[in-house]
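# Remarks on the overall topology
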Amino acid sequence: YRQPPGSLTSPSPQRAGPWGAHLLRGCHIIVEETNKGGNAMPVYTEKVMDHFENPRNVGEIEGADGVGTVGNAVCGDIMKIYIKVEDDKIVEAKFKTFGCGAAIATSSMTTEMVVGKTIDEALAITREAVADALGGLPPVKMHCSNLAADALHAAIKEYQCKAKGEAPCSST
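Residues numbered from 1 in each chain as written. Predicted model: local features only at pLDDT ≥ 70, side-chain atom pairs only at ≥ 80, totals over all residues. Heavy atoms only, no water.

## Considerations on the side chain of Thr97
With respect to the helices and strands, Thr97 occurs in strand 6 (residues 89–98). Among the polar contacts listed, one links the side chain of Thr97 to the side chain of Ser107, at a separation of 2.7 Å. (Helix = DSSP H or I, 4+ residues; strand = E, 2+ residues; numbered from the N terminus. Polar contact = N/O pair within 3.5 Å; in protein donor to acceptor, adjacent residues only side chain to side chain.)

This is how it looks when you write it as structure tokens:
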């Protein structure tokens, strides 16, 4: 199935999204968009789709040790990552994200990557590492991994500020 240029139709309308048709090929879900030449191009990996359709660690942490909130005024995505820290290790991480599928997937992956890490190890998680852990993102969606890593770092910054007894501590 090839969608016509500019088309948002798909063989399964309930699975159509703003980036095109979700096509089933054997056991693989491939999200495609049509380039200017009319050829279908893969956009999201299976891992991105899995974290989008089945996000891990969604929600808030009551009494979180750190909360990081970031947003992108251009695309409208907003991410909030919560962390719980014990003995310098992140023992729990959750997120709330308002945004596209890539924003949800990167938030989910970031929370999975950080649990069990020390603060220093968590600070070493880069924007690229988040995208790589998902098997890559389209260039137009790389800013989503930037937001996820930035929200994590903001949560850690707030935790460090509170641990030092500094006030007020802000995650933005």
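Now that the structure is up, let's keep going.
## Regarding the confidence of the model for the protein
With 74% of its residues at a pLDDT of 70 or more, the protein shows a mean pLDDT of 79. The spread of mean pLDDT over the elements of the protein runs between strand 1 (residues 22–25), the lowest at 34, and helix 3 (residues 119–123), the highest at 98. A low-confidence stretch, residues 1–31 (pLDDT under 50), is modelled with 63 contacts involving residues beyond four sequence positions or located in other chains. (pLDDT = per-residue confidence, 0-100. Contact = heavy atoms within 4.5 Å.)

## A closer look at unusual backbone geometry
The phi dihedral of Asn57 is positive, around 60°, even though this residue is not glycine. Looking at the secondary structure, you find Asn57 in the loop between helix 1 (46–53) and strand 4 (66–71). Residue Asn57 is classed as partly exposed on the basis of its relative accessible area of 31%. If you check the backbone angles, Asp87 has positive phi at about 50° while not being a glycine. (Buried < 20%, exposed > 50% of the residue type's maximum accessible area, 1.4 Å probe, protein only.)

## A look at the environment of Ala148
In this structure, Ala148 sits in helix 5 (residues 142–163). On the basis of relative accessibility, which here comes to 0%, the residue Ala148 falls in the buried class. Note: C-alpha distance between Ala148 and Gly68 (80 residues apart in sequence) is 9.5 Å. Other than its neighbours up to four places away in sequence, Ala148 contacts Met79, Ile81, Thr106, Ser107 and Thr110.

## Looking at the pattern of salt bridges
When charged atoms on two side chains of opposite charge get close, those side chains can pair. According to the stated counting rule, one finds 6 salt bridges in the structure shown. Where Arg56 meets Glu112, a salt bridge forms, and the shortest distance between an N and an O atom there is 3.5 Å. Separated by 56 residues along the polypeptide, Arg56 in the loop between helix 1 and strand 4 and Glu112 in helix 2 (residues 101–114) bring together distant segments of the chain. The exposure class assigned to Arg56 is partly exposed, which follows from its relative accessible area of 24%. Asp150 serves as the salt-bridge partner of Arg127, at 3.0 Å between the closest nitrogen and oxygen. (Salt bridge = Lys/Arg side-chain N within 4 Å of Asp/Glu carboxyl O.)

## Re the pairing of strand 4
In terms of burial, strand 4 is a largely internal element, 5 of the 6 residues being buried. Pairing between strand 4 and strand 5 (residues 78–86): 6 bridges, direction antiparallel. Note on strand 5: the bridge partner recorded for Gly66 is Ile83. With antiparallel pairing between neighbouring strands as the criterion, strand 4 and strand 5 make up a hairpin whose turn holds 6 residues, including Gly76 at a positive phi of roughly 90°. (Pairing = 2+ DSSP bridges.)

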